[in-house]
Amino acid sequence: MDLRVISYFIDIVDSGGFARASEKIHITQPALSKAIIGLEHELDLVLIERGKRGTQLKLTSAGEVVYRHGIELLDARHRMLNELASQRDLTSGELRLGLAPLGSSELFAPVIAKFKDSYPKIEMSLFVRGGVEQTLALQKGEIELATGIVSFDKEFDGIRIHEDPMVVVLPKNHTLADEASLQLCQISDIAQIMFEHDFALYGQVFDACEKAGFTPKNITRVSHPDFGIALVAAGAGTMVLPKLIAERHSVSGVVHVPLKSSELYWELSLYWQKGKQLSFAAQAMLNMVKERFTNHKHNAET
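Residues numbered from 1 in each chain as written. Predicted model: local features only at pLDDT ≥ 70, side-chain atom pairs only at ≥ 80, totals over all residues. Heavy atoms only, no water.

**Description of the overall build of the protein chain**
- The helix and strand inventory of the protein chain stands at 11 helices and 12 strands.
- Taking 2.2 N^0.38 as the reference for a compact globule, 302 residues should give roughly 19 Å; the C-alpha atoms of the protein chain span a radius of gyration of 32 Å, well beyond that estimate.
- Here the C-alpha coordinates of the protein chain stretch approximately 105 × 40 × 30 Å along the principal axes.
- Sorting the 302 residues of the protein chain into buried and exposed places 42% on the buried side.
- Sequence separation of 24 or more characterises 74% of the internal contacts of the protein chain that already satisfy a separation of 6 or more.
- Accessible surface, the protein chain: about 16,600 Å² in total, of which carbon and sulfur atoms supply 50%.
- Across the protein chain, the centroid of the 32 positively charged side chains sits 6 Å from that of the 38 negatively charged ones. (Helix = DSSP H or I, 4+ residues; strand = E, 2+ residues; numbered from the N terminus. Rg over C-alpha atoms; globule rule 2.2 N^0.38 Å. Buried < 20%, exposed > 50% of the residue type's maximum accessible area, 1.4 Å probe, protein only. Contact = heavy atoms within 4.5 Å. Areas by Shrake-Rupley, 256 points an atom, 1.4 Å probe, with all protein chains shown as cover. Lys, Arg positive; Asp, Glu negative; His and termini not counted. Charge placed at Lys NZ, Arg CZ, Asp CG, Glu CD.)

**Observations concerning unusual backbone geometry**
- Even without being a glycine, His 26 presents a positive backbone phi close to 60 degrees.
- Summarising the element assignment, His 26 is placed in the loop between helix H2 (18-25) and helix H3 (29-43).
- Even without a glycine there, the phi angle at Asp 44 is positive, about 60 degrees.
- Following the sequence through the fold, Asp 44 ends up in the loop between H3 and strand S1 (48-49).
- Under the relative-accessibility criterion, Asp 44 is labelled exposed at 67%.

**Looking at the sheet that holds strand S11 (residues 254-258)**
- Read across the sheet, three strands follow the order S10-S7-S11 without closing on themselves; strand pairing throughout is antiparallel. Of all strands in the sheet, those with a lone pairing partner are strand S10 (239-242) and S11, marking the two edges. Within the sheet, the average angular offset between the axes of one strand and its neighbour, ignoring direction, is 35 degrees.
- One ladder, built from four bridges, connects strand S7 (residues 166-171) with S10; its direction is antiparallel. If you follow Met 166 over to S10, its bridge partner there is Pro 242. (Pairing = 2+ DSSP bridges. Axes fitted to C-alpha atoms, helices over the stretch in contact; angles between N-to-C directions.)

**Some words on the environment of Leu 201**
- Along the polypeptide, Leu 201 turns up in helix H8 (residues 200-211).
- Note on Leu 201: relative accessible area 3%, which makes it buried.
- Ignoring sequence-local partners within four residues, the contact set of Leu 201 consists of Leu 102, Ile 149, Met 166, Phe 195, Leu 241, Pro 242 and Trp 266.

**Description of the environment of Leu 3**
- Along the chain, the position of Leu 3 falls in helix H1 (residues 3-15).
- Once residues lying within four places of it in the same chain are set aside, the contact partners of Leu 3 are Leu 73, Leu 74 and Arg 77.

**With respect to H1**
- Taking 1.5 Å per residue as the helical rise, H1 with its 13 residues ought to reach 18 Å, and the 18 Å between its terminal C-alpha atoms agrees with that figure.
- Along H1, the residues that are buried comprise Val 5, Ile 6, Tyr 8, Phe 9, Ile 10, Asp 11, Ile 12, Val 13 and Ser 15.
- In this structure Asp 2 caps H1, since a side-chain oxygen of it lies 2.9 Å from the backbone nitrogen of Arg 4.
- After H1 finishes, the residue Gly 16 shows a positive phi value of roughly 85 degrees. (Expected span 1.5 Å × (residues − 1). Polar contact = N/O pair within 3.5 Å; in protein donor to acceptor, adjacent residues only side chain to side chain.)

**Description of the sheet that holds strand S3 (residues 94-99)**
- Taken in spatial order, the five strands make up an open sheet running S4-S3-S5-S12-S6, and their pairing is mixed. The two strands at the open ends of the sheet, each matched to only one other strand, are strand S4 (123-128) and strand S6 (156-164). Geometrically, the sheet is characterised by an average inter-axis angle of 20 degrees between neighbouring strands, direction not taken into account.
- Here S3 runs beside strand S5 (residues 145-148); their pairing, made up of two bridges, is parallel. By the bridge assignment for S5, Gly 98 is matched with Ala 146.
- The strands touched by helix H6 (residues 109-118) are S3 and S4; relative to S4, the strand with the most contacts, the crossing angle is about 165 degrees.
- Along the sheet face, helix H7 (residues 131-140) touches S3, S5, S6 and strand S12 (266-273) and points at about 15 degrees away from the line of S12.

See the structure below:
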C-alpha cells in the first residue's frame, strides 16, 4: 500500500472534497481521482460515496476505517523518520558493547570516555564477559560490538586493535627467574595459574602448551589477573600472560620473562557479526576506535 496515496486520501477528507485538496497539495483533480480509484481497487472496497457534483463528501464505513488507520500510519512514518534522523545525528540511540575482561580497561577506557563526551545523548551499556559469552551475546543480538581474541571467519568480522607478546610470570626466587627468555616446554613441570574456561586466552595458552608437547598440570583457575599474579608471588605456580596485562597488575614478588613463541601472542580485536548492519552509534564507535588505534600504530612506527 502506497502511503503517498493514503496521504492524498486524508487530504481529500480533511479538505472536504477533491477540488480543495487539489488546490492544497497542487495535484490535478483527475490525478487525485485516479489515485483514490486505484486504492479502492487494491482494497476491493468503496471508500467514498460518489454523489452529485457539489454535494458534501461522504465516507463509507470502509473509508472511515482507512481514514482512521491512515492517520496512524502517517504519524508512525513521521515518528520513524524523526527517530532515524536523531540516530543518524547521534542525538538518540543506544550502544551495547561487550568488553573482554582482559585489556579493555587499559585499551578501551579512553575511547569509551571520548565517545561519551562526543555523544552524550547515546545510552551506552557495557557488558564485561569472557570470550565464549561474548560470542553467544553477539549471536543473540544482546550486544552489537565485542572486544576479545577472535578469528575472523564466516561468522565474525572486525578490526585488529592491539598485538602483544606473551610473558611467563614467575616468583622472583624461582630458578628460571633470571632467564632472558623461556620456551613453553621449560615450564611443563610447574603448576599453572590459568583463567577460567570461558576466557579465550585460556584456550589459546592451553593449546599452545599441548603443541609444545605437554598438558598443563596442577591448574589453579582464576577470573582476575591480579589474583593470579598474587598467587604466583605466593609460590602457587606460574602464569602465562600478555605483557600489557602482566605489567598492569604486577607486584613486587614476581618477574616477567619473555616467552619465545612465534605462534603464541595476544591480539585484541573489536568485532561484530558479519553481514549485520551496525547502528549509527556502533558505526561511530567503530570509526573512533579505528582513528585512535591507527594513530597509535603510526606514532609507534615513527
